[in-house]
Amino acid sequence: LLGHYDAAGVKLEKARRLAAPLGDAALQDRIKLNLSALYALQEEFDQSEVELRQVIESASARGDLRMQAKAMLNLAYNDHRELRNEEAVEWLEKAIPLFQETGDRFNLAKATGNLGWAYLDLGALENALSYFSDAAAQSGKIGDSLGQITSLNGAAEILLKQRKYSASAERSKQALEL
């Protein structure tokens with residue numbers, strides 16, 4: 001459905017209408033999370049943010065830390081796409097401890113890597129390198145080779161900017177071997 005935004009939107013709105021009378025806030029939040037992703041894919045970031053903030057509020061009221069963190073991760077993604085990297089960092093720094101607390105290792109690695117990209121775009125190369133290294137290690141532990149490759153490539157990019165050519169080549173080689 002990702003290539004057919006209108007059809008996906010219609011289906012998600014129908015799901016929202018059907019879920020509303022059930023009173024299942026967690027289900028409604030999952031639908032809103034999917035709607036927010038659809039809006040972001042269409043670059044309707046303001047509408048995506050509205051949905052995500054509602055998810056955070058609802059999930060917070062229920063004590064659903066994982067859902068809060070997922071919404072924060074998506075808000076950070078939107079902010080990063082809109083070149084609001086300071087805001088992305090803020091959301092990611094809030095989401096990471098929640099992913100740690102809930103044991104969501106996949107999204108923890110993803111958020112850590114995304115923090116690396118946000119810091120890279122802010123020019124904070126040492127912070128970015130640290131987060132890329134952490135994300136690569138976390139991704140490796142859970143068998144997420146794509147996350148590991150992405151983080152290693154981010155680290156290689158920074159090391160290249162720092163003129164640490166051997167270290168950059170080593171990270172690139174590690175990524176290619178995965």
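On a predicted model such as this, the values are computed, not experimentally measured, just so you know. (Residues numbered from 1 in each chain as written. Predicted model: local features only at pLDDT ≥ 70, side-chain atom pairs only at ≥ 80, totals over all residues. Heavy atoms only, no water.)

Undergrad: Just to check I follow, could you spell out helix H8 (residues 145–161) for this structure?
TA: One turn of an α-helix holds 3.6 residues; hence residues three or four places apart share an orientation. Between the first and last C-alpha of H8 there are 24 Å, a value that for 17 residues agrees with the 24 Å anticipated at 1.5 Å per step. When we look at burial in H8, the residues that qualify are Gly 147, Ser 151, Leu 152, Gly 154, Ala 155, Ala 156, Ile 158 and Leu 159. Where the residues of H8 are buried, they touch helix H6 (105–122), helix H7 (125–142) and helix H9 (165–176). Two residues or fewer after H8 comes Arg 163, characterised by a positive phi angle close to 60°. (Helix = DSSP H or I, 4+ residues; strand = E, 2+ residues; numbered from the N terminus. Expected span 1.5 Å × (residues − 1). Buried < 20%, exposed > 50% of the residue type's maximum accessible area, 1.4 Å probe, protein only. Contact = heavy atoms within 4.5 Å.)

Undergrad: Teacher, can you tell me more about the packing of aromatic side chains here?
TA: Under the counting rule described, the total for this entry stands at two aromatic pairs. Between Trp 117 and Phe 132, the aromatic rings sit 4.7 Å apart at their centres with planes inclined by 70°, giving edge-to-face as the arrangement. One end of the pair, Trp 117, is in helix H6; the other, Phe 132, is in helix H7, and 15 residues separate them in sequence. Taking relative accessible area as the criterion, Trp 117 reaches 23% and is therefore assigned partly exposed. (Phe/Tyr/Trp six-rings, centres within 6.5 Å; stacked < 30°, edge-to-face > 60°.)

Undergrad: Mind showing me how you'd approach the packing of helix H5 (residues 85–102) against H6 here?
TA: Two packed helices can be described by the angle between their axes and the distance between those axes. Between H5 and H6, the shortest axis-to-axis distance is 9 Å and the interhelical angle comes to 160°. With respect to their mutual orientation, H5 and H6 come out roughly antiparallel. With respect to the hand of their crossing, H5 and H6 are arranged in left-handed fashion. From H5, Asn 85, Glu 86, Ala 88, Val 89, Leu 92, Glu 93, Ile 96, Phe 99 and Gln 100 reach across to H6, where they touch Asn 107, Leu 108, Ala 111, Thr 112, Asn 114, Leu 115, Ala 118, Tyr 119, Asp 121 and Leu 122. Broken down by class, the residue content of the contact of H5 with H6 amounts to eleven nonpolar, five polar and three charged. (Axes fitted to C-alpha atoms, helices over the stretch in contact; angles between N-to-C directions. Parallel < 35°, antiparallel > 145°, perpendicular 65-115°, else oblique. Left-handed = near helix turned anticlockwise from the far one by under 90°. Nonpolar A, V, L, I, M, F, W, Y, C, P; charged D, E, K, R; others polar.)

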